[in-house]
Amino acid sequence: MPDSHPHGHGSAHGSAAEPTSLLLAGARLTDGRTVDVRLSGGRIQAVGTAGSLPAPTPSRVDLSGFLLLPAPAEPHAHGDTALTADTQGPAACGADEVQRRATEAALLQLGHGATAVRSHVRIGDVHGLAPMEAVLQARRSLRGLTDLTAVAMPRLLTGAAGADGLAMLRDAVKMGAAVVGGCPDLDPDPTGFIEAVLELAAEHGCPVDLHTDGDDPARLARLAAMAGGLRPGVTIGPCGGMSRLPLDMATRTADRLAAAGVRVTCLPQGDCAALERRGPRGAPVRLLRAAGVRVAAGSGALRDAANPVGRGDPLEAAYLLSSQGGLRPADAYEAVSAAARSAMGLPEVRVEAGFPAELLAVRGDGIAGVLSLAYSRIVIHRGRVVARTSAVREYCDSAVAAALDLPRQGRMEPGP
């Protein structure tokens, strides 16, 4: 069956001139229904059986053969250091270079389906607040294509050296950093670092998103005790060290995190540059979920010093959670969609009337299939198509292929 661009007037290169209404025709849902979905004003206006919703305008996208899903989100990116793996020596940290990398990384992630990205940005040292300003500029330039949020990551917050970091963290929030974070494991006083971040977050009403290996139960217990009253929420990750704890200790720690409402963002493809690699194992996702912890999954490193081959693909993270983490495909996808959006403070998305039109269409029949072979994708942000990826699979003409009636998505021209 040919795999062509879905026809219609929804363009991946659109502008403000695009119509505000869009009909998604013949999409399959995870419950097996085939439906039409009408979008208007950035929201889902109606969902009906295929053919039941007349298009109010000529804007129509044929989604026959596609599974329609709530769009994933990327809760743990590093746009300031992304795409630097091939750099000889230290990566350039000028404003223009960082803005370009952050923009390119966010667009790459958007092409995979992530219509919202949380980027952790290092501040301090010799570069000061320049990387933060560059990422915020990328955020402004990407408005309408994807939602990019910046997390301010100081290196030190305690002792004499930490005073500058704390002042810079305050300045980053004033500049527009929406989340405060950092890596307490790298501070001489990790608990003091956590206390400083939580105090500043409470003062400014900001969410907290901290990097930690999670191998110190006492520190996590202290974090849980302090985090319970912070309304915007606390997220930690990647927490691979929890997998190295004795089972009873890891279980008690998970129970404390759940009671405090602390979320965990795991990184199925491996740690990121903020943490040294301390072992191949990721967070104990099933144990955390059994305790009631809301677990999201992110991509982490994207072709940087921590991982030269990162993809920035939420569906890859979900695939790894299912193939290696033991989650059902639906639960794995939930970790990169609903749970990721929740960790980022974003509104819930369902393929139902009234919900935000943040959607991903992937060629395939079901969740397991699209996590395995998610080649062709159509991404919808605020009710319009913002990215398309189309793949064509071809088999050469042969007697074997004809006899077995192999599926094909295109046919090669006969050879000489």
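This write-up is about the structure you can find in this document. (Residues numbered from 1 in each chain as written. Predicted model: local features only at pLDDT ≥ 70, side-chain atom pairs only at ≥ 80, totals over all residues. Heavy atoms only, no water.)

## Remarks on the overall build of the protein chain
Assigned secondary structure in the protein chain consists of 12 helices and 16 strands. Here the protein chain, with 416 residues, has 53% of them falling under the buried criterion. For the protein chain, contacts bridging at least 24 residues in sequence account for 72% of all contacts bridging at least 6. In the structure as shown, the protein chain presents an accessible area of about 17800 Å², 53% of it carried by carbon and sulfur atoms. (Helix = DSSP H or I, 4+ residues; strand = E, 2+ residues; numbered from the N terminus. Buried < 20%, exposed > 50% of the residue type's maximum accessible area, 1.4 Å probe, protein only. Contact = heavy atoms within 4.5 Å. Areas by Shrake-Rupley, 256 points an atom, 1.4 Å probe, with all protein chains shown as cover.)

## Here we look at the sheet that holds strand S13 (residues 295–297)
Strands sit in the order S6-S7-S8-S9-S10-S11-S12-S13 across an open sheet of eight strands; the sheet is parallel. Looking at strand neighbours, the two that pair on one side only are strand S6 (74–77) and S13, the edges of this open sheet. Averaged over all adjacent pairs, the angle separating strand axes in this sheet is 25°, with direction ignored. Pairing of strand S10 (residues 208–212) with strand S11 (residues 234–238) involves five bridges; the strand directions are parallel. In the sheet register, leucine 210 faces S11, and the bridge partner there is isoleucine 236. (Pairing = 2+ DSSP bridges. Axes fitted to C-alpha atoms, helices over the stretch in contact; angles between N-to-C directions.)

## Looking at the side chain of aspartate 209
When you line up the elements, aspartate 209 lands in strand S10. A polar atom in the side chain of aspartate 209 sits 2.8 Å from the side chain of arginine 118. Aspartate 209 has contacts with Pro75, Arg118, His120, Val151, Val179, Val180, Gly181, Gly182 and Thr235, leaving out every residue within four places of it along the chain. (Polar contact = N/O pair within 3.5 Å; in protein donor to acceptor, adjacent residues only side chain to side chain.)

## Examining the nonpolar core
Counting residues in each nonpolar core, the largest one holds 77 residues, and the members touching the most others are Met132, Val180, Val208, Val234, Ile236, Leu257 and Leu288. The greatest single-element share of this core, amounting to seven residues, is contributed by helix H4 (residues 190–204). Contact partners of leucine 257, with chain neighbours within four places excluded, come to Leu220, Ala224, Ile236, Met242, Val262, Val264, Leu288 and Val293. Within the second largest apolar cluster, 21 residues are counted, among which are Ala27, Val35, Ile44 and Phe355. (Core = buried A, V, L, I, M, F, W, Y, C linked by side-chain atoms within 4.5 Å.)

## Looking at helix H5 (residues 217–227)
If you check which residues of H5 are buried, you get Pro217, Arg219, Leu220, Leu223, Ala224 and Ala227. Seen along its axis, H5 keeps its buried residues to an arc of 160°; they face one direction. Facing away from the buried side of H5 by more than 90 degrees, the exposed set consists of Ala218 and Ala225. At its buried positions, H5 is contacted by H4, S10, S11 and helix H6 (247–260). In this structure aspartate 216 caps H5, since a side-chain oxygen of it lies 3.1 Å from the backbone nitrogen of alanine 218. (Arc of directions from axis to C-beta.)

## Structural notes on helix H1 (residues 95–112)
Helix length check: H1 (18 residues) gives 26 Å between terminal C-alpha atoms against 26 Å at 1.5 Å per residue, within 8%. Those residues of H1 that sit buried are Val98, Arg101, Ala102, Thr103, Ala105, Ala106, Gln109, Leu110 and Gly111. One or two residues past the end of H1 sits glycine 113, with phi positive at roughly 125°. (Expected span 1.5 Å × (residues − 1).)

## Section: the packing of H1 against helix H2 (residues 130–141)
Relative placement of two packed helices is described by the angle separating their axes and the distance separating the axes. Relative to each other, H1 and H2 sit at 45°, their axes nearing to 8 Å. The angle between the axes of H1 and H2 places the two elements in the oblique class. Here the hand of the crossing between H1 and H2 comes out right-handed. Contacts between H1 and H2 involve Ala95, Val98, Gln99, Ala102 and Thr103 from the former and Pro131, Ala134, Val135, Gln137, Ala138 and Ser141 from the latter. The residue inventory of the contact of H1 with H2, partitioned by class, reads seven nonpolar, four polar and no charged. (Parallel < 35°, antiparallel > 145°, perpendicular 65-115°, else oblique. Left-handed = near helix turned anticlockwise from the far one by under 90°. Nonpolar A, V, L, I, M, F, W, Y, C, P; charged D, E, K, R; others polar.)

## Some words on the pairing of strand S5 (residues 66–70)
S5 sits mainly inside the fold: five of its five residues count as buried. Direction of pairing for S5 relative to strand S14 (residues 359–363): antiparallel, over a ladder of five bridges. When the sheet's bridge partners are listed, leucine 69 is paired in S14 with leucine 360.

## Concerning the pairing of strand S7 (residues 116–123)
By the criterion of burial, S7 is predominantly enclosed, with seven of the eight residues buried. Pairing geometry for S7 and strand S8 (residues 147–154), over eight bridges, is parallel. Paired with valine 121 across the strands is alanine 152, a residue of S8. Following the chain from S7 across H2 to the adjacent parallel S8, one finds a crossover that is right-handed. (Right-handed = clockwise from strand over helix to strand, strands pointing away.)

## So, the environment of threonine 34
Summarising the element assignment, threonine 34 is placed in strand S2 (residues 34–40). Distance from threonine 34 to leucine 63, taken between C-alpha atoms, is 9.7 Å for residues 29 residues apart in sequence. Those residues within four positions of threonine 34 in sequence are excluded, and the remaining contacts are Gly26, Ala27, Arg28, Thr49 and Ala50.

## Considering the pattern of salt bridges
The tally for this structure, following the rule as stated, stands at 20 salt bridges. For aspartate 209, the salt bridge goes to arginine 118, with nearest N and O atoms at 2.8 Å. Pair noted here: aspartate 209 is in strand S10 and arginine 118 is in strand S7, with a separation of 91 residues, a long-range link. You can call aspartate 209 buried: its relative accessible area is 3%. Across the salt bridge formed by arginine 170 and glutamate 203, the nearest N and O atoms sit 2.9 Å from each other. (Salt bridge = Lys/Arg side-chain N within 4 Å of Asp/Glu carboxyl O.)

## Examining the environment of aspartate 185
On the secondary structure map, aspartate 185 appears in the loop between strand S9 (179–182) and H4. Along the primary structure aspartate 185 and threonine 212 are separated by 27 residues, whereas in three dimensions their C-alpha atoms are 6.1 Å apart. Reaching out from aspartate 185, the side chain makes a polar contact with the side chain of arginine 219 at a distance of 3.3 Å.

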